[in-house]
Amino acid sequence: MDWPTALSFDPQRNELFVANDAETHSGVRRLGQWRVAPLRVLKGPKSLVSNPTGVYFDQKNEELWVANFGNHHLNGLQPTASGDTPRSA
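Before going into details, it helps to say that this report is about the structure given with it. (Residues numbered from 1 in each chain as written. Predicted model: local features only at pLDDT ≥ 70, side-chain atom pairs only at ≥ 80, totals over all residues. Heavy atoms only, no water.)

Inspection of the secondary structure puts Asn68 in strand S6 (residues 63-68). In this structure Asn68 comes out as buried when scored by relative accessible area, which is 4%. Excluding anything up to four places from it in sequence, Asn68 contacts Leu48, Val49, Ser50, Asn51, Pro52, His73 and Asn75. (Helix = DSSP H or I, 4+ residues; strand = E, 2+ residues; numbered from the N terminus. Buried < 20%, exposed > 50% of the residue type's maximum accessible area, 1.4 Å probe, protein only. Contact = heavy atoms within 4.5 Å.)

Right, dumping it as structure tokens:
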């Protein structure tokens, strides 16, 4: 990680969502596994993730929200989204 700006936690999956501004992506890590690669990385033009500065996991609606400074978008994604996944909301 290089400049993580926000965190959100999914207690059912035991996953921590991290907005990583400097590397222009958001990553997902399993709690307690910090010295390994992320489980998933959201990055690419279809995902609209660009210099994310905020991330929020909505447990009730099963949505992951990412706020992006790079393109001023708020993306609604599935919490299991990975790679260049288009936004769902």
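So, on to the pattern of salt bridges. Counting across every chain of the model gives three salt bridges. Residues Arg13 and Glu62 are paired through a salt bridge, measuring 2.8 Å at the closest nitrogen-oxygen approach. Of this pair, Arg13 sits in the loop between strand S1 (4-10) and strand S2 (15-20) while Glu62 sits in the loop between strand S5 (52-58) and S6, and the two are 49 residues apart along the sequence. Using a relative accessible area of 25% as the deciding quantity, one classes Arg13 as partly exposed. Taken together, the shared-partner salt bridges connect Asp10, Arg13 and Glu62 into one network. (Salt bridge = Lys/Arg side-chain N within 4 Å of Asp/Glu carboxyl O.)

Looking now at the nonpolar core. Ranked by size, the top nonpolar core spans eleven residues in total: Ala6, Phe17, Ala19, Leu42, Val49, Val55, Phe57, Leu64, Val66, Leu77 and Ala81. Within the residue set of this core, elements represented by two or more residues are S2, S5 and S6. (Core = buried A, V, L, I, M, F, W, Y, C linked by side-chain atoms within 4.5 Å.)

All right, on to the pairing of S5 then. Extensive coverage of S5 is indicated by the burial of five of its seven residues. Summarising the sheet, S5 and S6 pair through six bridges and their orientation is antiparallel. Residue pairing in the sheet places Asp58 in a bridge with Glu63 of S6. Hairpin connection, S5 to S6: the antiparallel pair is bridged by four residues, and Glu62 has positive phi, about 50°. (Pairing = 2+ DSSP bridges.)

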